[in-house]
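Results of the structural survey
These are the residues of each chain, in order.
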Amino acid sequence: MKKKDEITTLIQKYLEDSCSSEELDELFHLLNKDGDHQQVEGALYAYWKNKSTYKNEMEKEELDEMLSFIHQQMIPAKNRSKTPILKSLKNHFVRAAAILFIPLLLGTLWLTVDKLQDKQAATMVELATPLGSKIKTTLPDGTEVWQNAGTILRYPSYFSGKNREVELIGEAYFHVVSDKNNPFYVQTRAGKVKVTGTRFNLSAYEDDAYSSVVLEEGEVVFLPEKGKEVRLLPTEKLIYTKQTGELLKQKVDVEKYTAWTEGKLIFRNDPLVDVLQRLERWFHADIELLDPDGSLAKHTFTLTIEHETLPQVLDYITQAADLNLENKRIKSTDDTSIHNVQYQISKHKN
């Protein structure tokens, strides 16, 4: 890790347009290195505070306008200049770094650059959805993507030639703009999904035992890392089991897998372990299933969640299955003054 004064010097040189190509490479490396985030943030804040434009406070309207500008720079249009996004943000950044831009930069929207020496190379955008939330974005080709909680989507700031490829970790619903000559690809750890223009839901969380594709409209082809490709038709679901590599295709009710984009969770004879996992992501909660013999995990539930709170949902589940629900307050690992709630579900004690 570089010393703080070295990082500060590098940040200042960049903001003053005096970075060499080697120093520019190093800067982008720092912005994508977890261990240096605090030092980078400190350097940015120090630079910003020493500028004549420094303010202790900003009007809400000014902050809203700046946030809108930054968001548009994060998701550039096709005809936007291909120069690095950070340069186009500089004038706004100098004034907003400490109170607005740094939380975005060092939080969920981290930018990486491919081929830094090539000024025409597309910038890679990484968009992360925190637990307990969902977002919708539009890709450079017009494709719409709804991201579920705990999801990471990586995509280029513009698509060149036949390259329409994104990377997904988590769950997302895609409405892909049709282009038969230039297929759209979604890369996951299990394989690629190839489409030319369609609507589908893709679930590929790293900690799930399986990945799945549910096709609503059009046609998709799943290209596994190993084995033959599988073609799906509307209302079909493909399940990929990570441990064995097994592929299973079945007819399903598509609404069950897409309703989350409209703020609903639908369960139909789903095992309790899967229900609780989705609730944890949806509500950003800590739910522990005390199930030594594994019998509770297999218990199935049918319910629809729309406006209910997490306590209401857990009360329903535990009462319907005659289970015990307890709340525990545990200290946060980040701040000992903050206590989080952990929900524990178990069988009633005899």
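Whatever comes next refers back to the structure up there.
Please read all numbers here as calculations on a predicted model, not as lab measurements.

On inspection of all chains with the given rule, the structure shows 5 aromatic pairs. With centroids separated by 5.1 Å and ring planes inclined at 10°, the aromatic side chains of phenylalanine 174 and phenylalanine 200 adopt a geometry described as stacked. Note that phenylalanine 174 is positioned in strand β6 (residues 164–175) and phenylalanine 200 in strand β9 (residues 199–204), a separation of 26 residues in sequence. No difference in accessibility class separates phenylalanine 174 from phenylalanine 200, as the two residues are buried. In this structure an aromatic cluster arises from ring pairing among Phe159, Phe174, Phe184 and Phe200. Above the ring of tyrosine 185, the side-chain terminus of lysine 192 is found at 5.3 Å from the ring centroid. In this structure, arginine 281 packs its charged tip against the face of tyrosine 205, placed 3.5 Å from the ring centre.

Turning next to helix α8 (residues 272–283). The first and last C-alpha atoms of α8 sit 16 Å apart over 12 residues, in line with the 16 Å expected at 1.5 Å per residue. Three or more residues of α8 are buried, namely Leu272, Val275, Leu276, Leu279, Arg281 and Trp282. Of the residues one or two after α8, histidine 284 is the one with positive phi, at around 50°.

Inspection of the secondary structure puts phenylalanine 301 in strand β17 (residues 300–305). Phenylalanine 301 sits in the buried class, given a relative accessible area of 6%. On a C-alpha basis, the gap between phenylalanine 301 and phenylalanine 267 in space is 6.7 Å, while along the polypeptide they are 34 residues apart. Setting aside anything within four residues of it in sequence, one finds phenylalanine 301 in contact with Phe267, Arg268, Asn269, Asp270, Leu272, Val275, Ile317 and Ala321.

This paragraph deals with the side chain of glutamine 147. One can find glutamine 147 in strand β4 (residues 144–147). Polar contacts involving the side chain of glutamine 147 include one to the side chain of threonine 129, which spans 2.8 Å. Of the polar contacts made by the side chain of glutamine 147, one reaches the backbone oxygen of threonine 151; its length is 3.5 Å. Dropping the residues within four chain positions of it, glutamine 147 is found in contact with Leu127, Ala128, Thr129, Lys134, Ile135, Thr137, Ile152, Leu153, Glu171, Ala172 and Trp260.

Below, the discussion takes up helix α9 (residues 310–320). Within α9, the full set of buried residues consists of Leu310, Val313, Leu314, Ile317 and Thr318. One side of α9 carries all its buried residues, which in axial view fall inside an arc of 125°. Turned more than 90 degrees off the buried face of α9, the exposed positions are Gln319 and Ala320. Two residues or fewer after α9 comes aspartate 322, characterised by a positive phi angle close to 55°.

Located in the positive-phi region is asparagine 269, a residue other than glycine, with phi close to 55°. A relative accessible area of 56% means that asparagine 269 is categorised as exposed. Unusually for a residue other than glycine, aspartate 322 sits at a positive phi of about 55°. By the secondary structure assignment, aspartate 322 is in the loop between α9 and β18 (323–331). The class for aspartate 322 is exposed, based on a relative accessible area of 54%.

We now examine the packing of α8 against α9. Contact geometry of α8 with α9 gives a least axis separation of 11 Å together with a crossing angle of 170°. Overall, the two elements α8 and α9 adopt an arrangement that is roughly antiparallel. The residues of α9 that touch α8, namely those facing Leu272, Val275, Leu276, Leu279 and Phe283, are Leu310, Val313, Leu314 and Ile317.

Time to look at the side chain of aspartate 208. The residue aspartate 208 is located in the loop between β9 and β10 (210–217) in this model. For aspartate 208, a relative accessible area of 10% puts it in the buried group. Other than its neighbours up to four places away in sequence, aspartate 208 contacts Ser203, Lys242, Gln277 and Arg281.

Within the structure shown, the criterion is met by 15 salt bridges. Residue lysine 192 pairs with glutamate 165 through a salt bridge whose shortest N-O separation is 3.3 Å. Of the two residues, lysine 192 is situated in strand β8 (residues 191–195) and glutamate 165 in strand β6; the sequence distance between them amounts to 27 residues. For lysine 192, a relative accessible area of 25% translates into the label partly exposed. Judged by its relative accessible area of 27%, glutamate 165 is partly exposed. Close ionic contact of arginine 231 with glutamate 229 constitutes a salt bridge, the shortest N to O distance being 3.6 Å. Residue classification places arginine 231 among the partly exposed positions, given a relative accessible area of 43%.

Cut-offs and rules
Residues numbered from 1 in each chain as written. Predicted model: local features only at pLDDT ≥ 70, side-chain atom pairs only at ≥ 80, totals over all residues. Heavy atoms only, no water. Phe/Tyr/Trp six-rings, centres within 6.5 Å; stacked < 30°, edge-to-face > 60°. Helix = DSSP H or I, 4+ residues; strand = E, 2+ residues; numbered from the N terminus. Buried < 20%, exposed > 50% of the residue type's maximum accessible area, 1.4 Å probe, protein only. Lys NZ or Arg CZ within 6 Å of the ring centre and 35° of its normal. Expected span 1.5 Å × (residues − 1). Contact = heavy atoms within 4.5 Å. Polar contact = N/O pair within 3.5 Å; in protein donor to acceptor, adjacent residues only side chain to side chain. Arc of directions from axis to C-beta. Axes fitted to C-alpha atoms, helices over the stretch in contact; angles between N-to-C directions. Parallel < 35°, antiparallel > 145°, perpendicular 65-115°, else oblique. Salt bridge = Lys/Arg side-chain N within 4 Å of Asp/Glu carboxyl O.

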